Amino acid sequence: MLKKIEAIIREDKVNDVKEALKEIGILGLSMFEIRGHGRQGGITLAGRSGTYQVDMLTKIQVNIILSEHNLEETIEAILRSAYTGETGDGLIFVYPVEEVIRIRTRERGHEAVMYPGDIDERKGLAAKA
Ligand SMILES: Nc1ncnc2c1ncn2[C@@H]1O[C@H](COP(=O)(O)OP(=O)(O)OP(=O)(O)O)[C@@H](O)[C@H]1O
Ligand SMILES: [Mg+2]
């Protein structure tokens, strides 16, 4: 089973999260800048002419397609590396994935999300996957 992690994290946690993922052998991912708000509906900032409300904050979305057997370890790495304890630390969404196809080789599914030196290869799972 393939899963998709969609993690919404703080901009200033991007490097920590990238490092933590690399450390456990999660090598394939994409990241992009998004704008949104959570349960606080934004933040109030102090400006020259008083306070004003910023309702959409810039966050980074990290997408990872991975095998289900690596899901919990990967979630744990994100939880550890993206945490400050303050509001706005973000959220992690998990979805089922229908299919992945590497265009060059036509590999599908699990095979299409394997990389040299990745989390599976380190665990010796590459052969039996
Ligand atoms: N229900 C949702 N659906 C989609 N995106 C969301 C949802 N809730 C929050 N987000 C996105 O997640 C980002 C981070 O939200 P945030 O960390 O403020 O979550 P929260 O639920 O308000 O938790 P906290 O109380 O810790 O702040 C938001 O800026 C927004 O982009
Ligand atoms: Mg919030």
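Structural data are supplied above this passage.
Below is a short write-up of the structure. This one's a predicted model, so the numbers in the text were calculated from it and none came from an experiment.

**So, the overall build of the chain**
Counting its secondary structure elements, the chain contains three helices and six strands. N-terminal to C-terminal, the α/β element order of the chain is β-α-β-β-β-β-α-β-α. Compactness check: the chain gives a C-alpha radius of gyration of 17 Å against a globular reference of 14 Å for 129 residues, more than 25% above the reference. Here the chain holds 129 residues, and the buried ones make up 37% of them. Here the contacts in the chain between residues at least 6 apart in sequence split such that 69% fall between residues at least 24 apart. Here the chain displays about 8,400 Å² of accessible surface, and carbon together with sulfur accounts for 51% of that area. In the chain, 18 side chains carry a positive charge and 21 a negative one; their mean positions are 3 Å apart.

**So, the pattern of salt bridges**
One pass over the structure, following the stated rule, counts seven salt bridges. The shortest N-O distance in the salt bridge between glutamate 73 and lysine 123 comes to 2.8 Å. Separated by 50 residues along the polypeptide, glutamate 73 in helix 2 (residues 71-82) and lysine 123 in helix 3 (residues 119-123) bring together distant segments of the chain. A relative accessible area of 41% places lysine 123 in the partly exposed class.

**So, the packing of helix 1 (residues 14-24) against helix 2**
One way to put it is that helix 1 packs onto helix 2 with a least axis distance of 9 Å and a crossing angle of 150°. The element helix 1 and its partner helix 2 pack so that their crossing is right-handed. For the pair helix 1 and helix 2, contact is made by Asp16, Val17, Ala20, Leu21 and Ile24 and by Glu73, Thr74, Ala77, Ile78, Ser81 and Ala82, respectively. A breakdown of the residues in the contact of helix 1 with helix 2 according to their chemical character gives seven nonpolar, two polar and two charged.

**As for helix 1**
Taken residue by residue, helix 1 has Val14, Val17, Ala20, Leu21 and Ile24 as its buried positions. Down the axis of helix 1, the buried side of the element spans an arc of 135°, and every buried residue falls inside it. Exposed side chains of helix 1 directed beyond 90 degrees from the buried face belong to Asn15, Lys22 and Glu23. Where helix 1 terminates, the next one or two residues include glycine 25, which has phi positive at roughly 95°.

**Brief notes about the nonpolar core**
Ile5, Ile9, Leu21, Ile26, Val62, Ile64 and Ile78 are the most contacted members of the largest nonpolar core, which totals 19 residues. Sorting the residues of this core by element identifies strand 1 (2-9), helix 1, strand 5 (57-67) and helix 2 as the ones contributing at least two each. When residues no more than four places from it in sequence are discounted, the contact partners of isoleucine 78 are Ile5, Ala7, Ile9, Leu21, Ile64 and Ile92. Counting five residues, the second largest nonpolar core, distinct from the first, contains Leu2, Val97, Ala112 and Val113.

**Thoughts on the pairing of strand 1**
Of all eight residues making up strand 1, seven are buried, and the element is well covered by its neighbours. The pairing of strand 1 with strand 5 spans eight bridges and is antiparallel. Among the inter-strand pairings, glutamate 6 is bridged to a residue of strand 5, identified as asparagine 63. Where strand 1 lies against strand 6 (residues 91-97), seven bridges are found, and the strand directions are antiparallel. Bridge pairing in strand 6 links lysine 4 to tyrosine 95.

Rules behind the numbers
- Residues numbered from 1 in each chain as written.
- Chains lettered and ligands numbered in written order.
- Predicted model: local features only at pLDDT ≥ 70, side-chain atom pairs only at ≥ 80, totals over all residues.
- Heavy atoms only, no water.
- Helix = DSSP H or I, 4+ residues; strand = E, 2+ residues; numbered from the N terminus.
- Rg over C-alpha atoms; globule rule 2.2 N^0.38 Å.
- Buried < 20%, exposed > 50% of the residue type's maximum accessible area, 1.4 Å probe, protein only.
- Contact = heavy atoms within 4.5 Å.
- Areas by Shrake-Rupley, 256 points an atom, 1.4 Å probe, with all protein chains shown as cover.
- Lys, Arg positive; Asp, Glu negative; His and termini not counted.
- Charge placed at Lys NZ, Arg CZ, Asp CG, Glu CD.
- Salt bridge = Lys/Arg side-chain N within 4 Å of Asp/Glu carboxyl O.
- Axes fitted to C-alpha atoms, helices over the stretch in contact; angles between N-to-C directions.
- Left-handed = near helix turned anticlockwise from the far one by under 90°.
- Nonpolar A, V, L, I, M, F, W, Y, C, P; charged D, E, K, R; others polar.
- Arc of directions from axis to C-beta.
- Core = buried A, V, L, I, M, F, W, Y, C linked by side-chain atoms within 4.5 Å.
- Pairing = 2+ DSSP bridges.

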